[in-house]
Structure formats: structure tokens, C-alpha cells
Amino acid sequence: MATIEEALEIERLERDIFRGASTKTQLQRTFGGQVAGQALVSAVRTVEPRFQVHSLHGYFLRPGNPQEPTVYQVERIRDGRSFCTRRVTGIQDGAAIFTMSASFHVGDEGPEHQDVMPDVPMPDDLPDASTTMSPERLWAMREWEHWDIRMVPQENVSRRDGVVSQQQVWFRYRHLLPDDPLVHVCTLAYMSDMTLLGSSKVIHPDEPTQNASLDHAMWFLRPFRADEWLLYDQSSPSAAFGRGLTGGKIFTRDGTLVAAVVQEGLIRTLRED
């Protein structure tokens with residue numbers, strides 16, 4: 001399967017037009033994290049190096065064809081002294097499949113605080129998911145074989161009062177990545193779409209559903225490395241009308257909060273037809 005470098009590879013066609021590579025996959029539609037990651041890489045290529053990504057907001061409009069490349073058109077919405085904004089549209093066969101706004105910031109001084117990382121087993125105490133997956137789910141581990149993903153067992157999840165559906169996952173990219181912070185940001189944008197929607201299914205394990213990401217928002221809060229262990233603390237506050245709302249906080253192993261994610265996804269009851 002594709003490495004993260006292959007999955008996020010883009011080619012510049014014009015000043016603000018890029019083409020993302022199609023990669024080997026078992027999926028019937030393009031993985032949402034790949035579309036978001038390629039769109040973010042496209043946006044990054046149009047800003048000065050002093051700006052760092054601090055947030056993105058995207059909508060998955062149509063399922064992408066994983067056998068076809070995606071073209072990304074970048075609009076330069078604003079270039080300021082401290083912030084700049086880009087809008088990116090991913091296109092296949094003349095139709096938009098994804099749209100995203102990304103905001104960049106040079107960084108400033110100000111007050112600091114963060115939530116505390118939940119008390120969960122460390123990744124070294126958990127098995128690699130590829131060794132524990134049921135046979136019917138092993139395809140997922142083959143699809144993302146370059147990622148080390150370790151699920152915290154439900155009996156060990158750190159519970160919070162009033163939170164109805166929780167899931168916690170340790171993950172890291174298995175191979176050493178370059179030191180460029182933007183590489184790690186775009187890698188995390190790719191990874192952030194993985195497992196998150198599953199937090200809405202934790203309390204409905206036996207209900208067959210059709211699942212797909214609908215929209216995705218991320219905030220990058222502090223520096224991190226995607227090739228070192230990160231804890232994805234996930235929850236789903238609501239599910240109704242065939243949609244599930246999910247959210248996640250991402251911590252480094254030492255408890256530093258580095259990113260936050262909110263996503264709504266389709267969890268429509270699977271129809272007999």
C-alpha cells in the first residue's frame with residue numbers, strides 16, 4: 001500500500017492548480033484523509049514558509065474515484081501580516097468532490113492552558129491492531145500498513161461523566177519522517193479521518209450502517225511529530241437522522257495537547273437493497 005509520501009504527492013500544473021496522485025488501494029472510493037491531506041499540501045504550496053497551518057474546515061461533497069487523480073484549485077482568499085487564508089476545491093471529472101478552507105498563522109505570544117490527557121494504558125502495553133483484528137477487518141490494516149494503530153480496549157477507556165460514546169486510540173507513522181513541521185501537519189490531517197467516525201458506533205456495535213465522512217474540521221495547537229506516539233481521545237456526543245457527530249483531542253505521549261478534530265459522518269442504517 002502507499003506510503004504517506006506517495007499518498008500526499010501532488011504535482012503543480014499552474015500557479016494555483018495542482019494534481020494529486022492516485023495510489024494503490026483496496027477502497028471503493030477515495031479515502032477522505034487522502035483528499036484532505038492533498039488539499040492541504042496544495043494550500044501549503046501557495047503560502048510563505050513563515051506561515052504555519054492552524055486550522056482547516058472541509059466538506060466531502062461526492063465520493064472520489066480512487067483510480068483517478070484529483071485536481072485541486074487553490075484560491076488566495078487573504079494574505080495578511082499574521083494570518084492568511086486559502087480555499088481549495090478538489091475536482092474529478094469536472095465535479096467538485098471536496099472543498100476546504102485552510103488558515104495559516106505566523107504565531108504570537110499569549111496566555112496558555114490545555115486539558116489534561118486522560119489516564120489510559122500506554123501504547124507499549126497494547127497490541128498492534130494488525131495482530132488483534134478479526135479476519136473480516138484485516139483489510140483495514142493492510143490498507144494502512146504503514147501506520148501502527150493500537151486501540152484501547154473499551155474496559156480500559158478513561159470514562160467521563162455524561163459522555164455517552166467514547167473511544168481512545170494510540171497511533172504513529174511507522175517510518176521516520178522529515179523534520180519539516182508541515183510534513184507532520186499534513187500527515188496528521190490524513191490520519192485524523194481514520195477511526196474517528198467509529199466512535200459514533202461504539203454503543204451500536206451490532207447495527208449495520210453505511211458510513212462516510214461528511215465534513216471535517218481540525219485545529220493544530222502545538223508542534224508534534226506524526227512518527228511518534230499520539231493518543232486520539234475520541235467521543236460522539238450525538239447520533240440522529242443517519243448522521244453521527246464526533247470529536248477528538250490528540251495528545252503526545254507526554255500529555256501535550258497538539259490538535260483537536262470535529263467531524264460529522266453518515267451512519268445511515270444499511271438498507272436491504
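Residues numbered from 1 in each chain as written. Predicted model: local features only at pLDDT ≥ 70, side-chain atom pairs only at ≥ 80, totals over all residues. Heavy atoms only, no water.

Taking an unreviewed UniProt entry as the reference, the protein is identified by name as Acyl-CoA thioesterase belonging to Nocardia beijingensis.

Caption draft 1: Seen up close, the pairing of strand 1 (residues 10–14). In terms of strand pairing, strand 1 meets strand 2 (residues 17–20) through four bridges, oriented antiparallel. The residue of strand 2 that forms the bridge with Glu11 is Arg19. Remark: two residues form the turn of the hairpin made by strand 1 and strand 2, two consecutive strands paired antiparallel. (Pairing = 2+ DSSP bridges. Helix = DSSP H or I, 4+ residues; strand = E, 2+ residues; numbered from the N terminus.)

Caption draft 2: Examining the environment of Val152 more closely. Inspection of the secondary structure assignment puts Val152 in the loop between strand 7 (147–151) and strand 8 (166–173). Along the primary structure Val152 and Gln167 are separated by 15 residues, whereas in three dimensions their C-alpha atoms are 7.4 Å apart. When near neighbours in sequence (up to four residues on either side) are disregarded, Val152 contacts Val120, Pro121, Leu126, Val157, Gln168 and Trp170. (Contact = heavy atoms within 4.5 Å.)

Caption draft 3: Just the UniProt feature "domain: Acyl-CoA thioesterase 2 C-terminal" (unreviewed entry) in the protein, in detail. UniProt records the feature "domain: Acyl-CoA thioesterase 2 C-terminal" (unreviewed entry) at residues 149–266, using the numbering of this structure. Helix makes up 9% of residues 149–266 and strand 46%, with an end-to-end C-alpha separation of 23 Å. (UniProt positions renumbered as here; feature names shortened; annotations may be inferred.)

Caption draft 4: Structural detail: empty space enclosed by the protein. One pass over the full model with this rule turns up two cavities of 30 Å³ or more. Empty space within the largest cavity amounts to approximately 130 Å³. What lines the largest cavity is a set of 16 residues, and nearest its centre among them are Ala2, Thr23, Glu143, Trp144 and Tyr190. For the lining of the largest cavity, the residue count by class is nine nonpolar, five polar and two charged. Looking at the second largest cavity, its volume works out to about 100 Å³. For the second largest cavity, the lining is made up of 19 residues, of which Ala21, Ser22, Thr30, Gln34 and Pro66 are closest to its centre. With three residues, the top contributor of residues to the lining of the second largest cavity is helix 2 (residues 32–44). For the lining of the second largest cavity, the per-class residue count stands at seven nonpolar, ten polar and two charged. (1 Å grid on protein atoms, 1.4 Å probe; cavity = no way out; pocket = protein on both sides within 12 Å on 5 of 7 lines; lining within 4 Å. Points joined across faces, edges and corners; volume = space filled by probe spheres on them. Nonpolar A, V, L, I, M, F, W, Y, C, P; charged D, E, K, R; others polar.)

Caption draft 5: Seen up close, the sheet that holds strand 12 (residues 257–269). Spatial ordering of the open sheet is given by 1-2-4-5-6-3-9-12-11-10-8-7, a layout of twelve strands whose pairing is antiparallel. Here the strands that pair on one side only, and so sit at the sheet edges, are strand 1 and strand 7. Along the sheet, successive strands turn relative to each other by an average axial angle of 25°, direction set aside. Taken together, the nine bridges between strand 11 (residues 243–252) and strand 12 define a ladder with antiparallel strand orientation. Bridge pairing in strand 12 links Gly244 to Gly265. Most of the contacts of helix 2 go to strand 6 (residues 95–105), to which it runs at about 50°, and overall it touches strand 1, strand 2, strand 3 (52–60), strand 4 (70–79), strand 5 (83–92) and strand 6. (Axes fitted to C-alpha atoms, helices over the stretch in contact; angles between N-to-C directions.)

Caption draft 6: Representation of the pattern of salt bridges in the model. Overall, the coordinates contain 16 salt bridges when judged by the stated rule. Between Glu75 and Arg87 there is a salt bridge, and its shortest N-O distance comes to 3.6 Å. One end of the pair, Glu75, is in strand 4; the other, Arg87, is in strand 5, and twelve residues separate them in sequence. A salt bridge links Arg172 to Asp148; its shortest N-O distance comes to 3.7 Å. In this pair, Arg172 sits in strand 8 while Asp148 sits in strand 7, placing the two residues 24 residues apart along the sequence. Under the relative-accessibility criterion, Arg172 is labelled partly exposed at 28%. The structure contains a network of salt bridges with shared partners spanning Asp128, Asp148, Arg150, Arg172 and Arg174. (Salt bridge = Lys/Arg side-chain N within 4 Å of Asp/Glu carboxyl O. Buried < 20%, exposed > 50% of the residue type's maximum accessible area, 1.4 Å probe, protein only.)

Caption draft 7: Quick peek at the nonpolar core. Core analysis: the biggest nonpolar cluster contains 57 residues, and Leu40 and Trp147 have the highest contact counts within it. Other than its neighbours up to four places away in sequence, Leu40 contacts Val53, Leu56, Met100, Ala102, Val185, Cys186 and Ala189. By size, the runner-up hydrophobic cluster in this structure holds ten residues, among which are Val157, Trp229, Leu231 and Leu257. (Core = buried A, V, L, I, M, F, W, Y, C linked by side-chain atoms within 4.5 Å.)

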